[in-house]
Amino acid sequence: MTEDELDPTSPQERLLDGLDPEDLDGHTIEELSDYLDAGRQPRDDSIENSPGSRIALDALSRLRQESWAMLEVEARTDSATERSWIGRVIANISRESRAGRAIPVSHPDPATHLNISEGSVRGLIRAAGDGTYAALIGTVELVGDVTVPNEEITVNTTASVAYGENLTVVAEVIRQKIAAALHRHTELNIVAINVSIQDVHTPTTPESKDA
Amino acid sequence: MSDDSSVSREMTRIICTVPGVVDVFPSRSLVRSIADNLVDGARGTSAGAGAGDATVVVSRAADGVVTATATIGVDAGLPTPDTLRAVGDELRRQLATVFPQGGDPIVNVNVSHITSPAGH
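No experiment lies behind these values; they were computed from the predicted model shown.

Caption draft 1: The arrangement of the overall build of chain B in detail. When helices and strands are counted, chain B shows three helices and four strands. Its helices and strands taken in sequence order, chain B reads α-β-α-β-β-α-β from the N to the C terminus. For chain B, contacts bridging at least 24 residues in sequence account for 74% of all contacts bridging at least 6.

Caption draft 2: Examining the sheet that holds strand E5 (residues 189-201) of chain A more closely. Residues and elements named next belong to chain A. Pairing is mixed in the open sheet, where three strands are placed in the order E3-E4-E5. In this open sheet, the two edge strands, each paired with only one partner strand, are strand E3 (136-143) and E5. Ignoring strand direction, the axes of neighbouring strands in this sheet form an average angle of 15 degrees. Pairing of strand E4 (residues 152-162) with E5, which is carried by eleven bridges, proceeds in the parallel orientation. Looking across to E5, one finds that Val-161 is bridged to Val-200. Strands E3 and E4 of the sheet are contacted by helix H7 (residues 118-129), whose axis makes an angle of about 140 degrees with E3. Across the face of the sheet, helix H8 (residues 167-185) comes into contact with E4 and E5 while running at roughly 140 degrees to E5.

Caption draft 3: Representation of the packing of H7 of chain A against H8 of chain A in the model. All names here are of chain A. For the pair H7 and H8, interaxial distance at closest approach is 8 Å and the crossing angle is 140 degrees. Comparing their axes, H8 and H7 come out oblique. Between H7 and H8 the crossing geometry is right-handed. Residues Leu-124, Ile-125, Ala-128 and Gly-129 of H7 pack against Ile-174, Lys-177, Ile-178, Ala-181 and His-185 of H8.

Caption draft 4: Quick peek at the interface of chain A and chain B. Each partner contributes to the interface: chain A provides 30 residues, whereas chain B provides 27 residues. Broken down by element, the side of chain A that touches chain B gets its largest block of residues, six residues, from strand E2 (residues 112-117) of chain A. For the side of chain A that touches chain B, the class distribution of residues is ten nonpolar, 14 polar and six charged. For E2 of chain A and strand E4 (residues 106-115) of chain B, the ladder comprises five bridges, and the chain directions are parallel. Bridge pairing in E4 of chain B places Leu-114 of chain A opposite Val-109 of chain B.

Rules and cut-offs
Once a new chain begins, its residue numbering starts again from 1 and follows that chain's sequence as written. To label them, take the chains in the order written and letter them from A, then take the ligands in the order written and number them from 1. Local features in this predicted model are restricted to residues of pLDDT 70 or higher, and side-chain atom pairs are both shown and tallied only at a pLDDT of 80 or more, whereas totals for entire chains, interfaces and linings draw on every residue. The secondary structure listing takes helices from DSSP runs of H or I that are at least 4 residues long and strands from runs of E that are at least 2 residues long, numbered from the N terminus. The contact rule is simple: place each C-beta atom from the backbone, and if two of them lie within 7 Å, those residues are in contact. Criterion used throughout: strands pair if DSSP finds at least two bridges between them. An axis is simply a line fitted to the C-alpha atoms; with a helix, the fit covers only the stretch in contact. Between two such axes, the angle follows the N-to-C directions and lies from 0 to 180 degrees. Roughly parallel covers angles under 35 degrees, roughly antiparallel covers those over 145, roughly perpendicular covers 65 to 115, and oblique covers all other angles. Left-handed describes a crossing whose near helix is turned anticlockwise from the far helix through less than a right angle; right-handed describes the clockwise counterpart. Note on residue categories: nonpolar means Ala, Val, Leu, Ile, Met, Phe, Trp, Tyr, Cys or Pro, charged means Asp, Glu, Lys or Arg, and polar means any other residue, Gly included.

What follows is the structure in structure tokens.
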């Protein structure tokens with residue numbers, strides 16, 4: 001670890017410190033990260049039985065598998081803006097893992113009430129977008145009253161895309177993947193999916209940057 | 001009630017077998033569930049099937065109406081609404097069998113986690 005990573009006043013640490021443990025049933029992103037490091041062993045029921053923590057673990061795992069090492073390099077070497085982006089992604093994972101609103105699914109029997117948590121749908125959207133041409137989803141927002149069937153819902157997402165990719169193409173593919181996932185897994189009436197590319201990350205090493 | 005506890009355990013076991021269901025989460029607060037597990041373990045009342053196996057909440061109102069509430073995690077390999085309806089239907093069938101005098105049961109099923117396919 002670099003001194004910067006250990007510095008409790010670094011932007012990343014300040015963001016982590018600011019997270020509300022209530023979002024993850026009392027756990028913090030740091031605890032979940034350590035749990036991942038340990039291979040999720042020994043099993044911790046307070047994490048494994050917490051849907052919010054599980055959604056956050058999914059997102060953290062994807063971050064690590066696809067881009068974590070690259071982003072860590074950037075966090076050590078690049079500007080405060082890029083460190084801030086990583087911190088915001090982590091903060092958003094925590095915030096969006098909350099159960100949120102109950103999204104209804106229809107059933108012919110009025111005494112059978114079926115719902116999907118907003119947090120699980122946000123996780124689904126993030127999973128659909130993450131890794132598309134090495135993109136990383138920053139924020140996920142469902143705009144509209146998702147608790148009412150057939151209400152018009154707009155999805156707003158932000159993403160960071162790898163340098164060199166065609167931003168228009170990447171945004172369109174992400175949009176299509178999100179649309180397909182929502183169509184398959186929800187009954188939401190999606191009227192628009194907005195994908196805003198807010199950052200471009202550079203898959204480079206410190207050595208190549210200095211060259 | 002011990003009867004409802006055993007029914008809860010059986011409901012939990014059954015919905016675990018519904019295609020697309022990968023988790024059955026505690027429908028009560030996590031803190032309460034963990035505390036109950038610890039108490040059961042200390043008392044030795046779990047009898048080989050811990051309270052963690054009884055995560056579907058089954059309750060009976062004064063008028064006899066039975067309510068079952070389940071919180072599940074599902075596999076994204078199947079459409080989530082299909083899995084939800086299958087679980088709801090299965091719970092209704094089981095409740096009608098276990099509580100034949102209970103009238104029309106109320107069933108609540110919530111998906112709180114969708115497991116993405118490997119790699120996404």
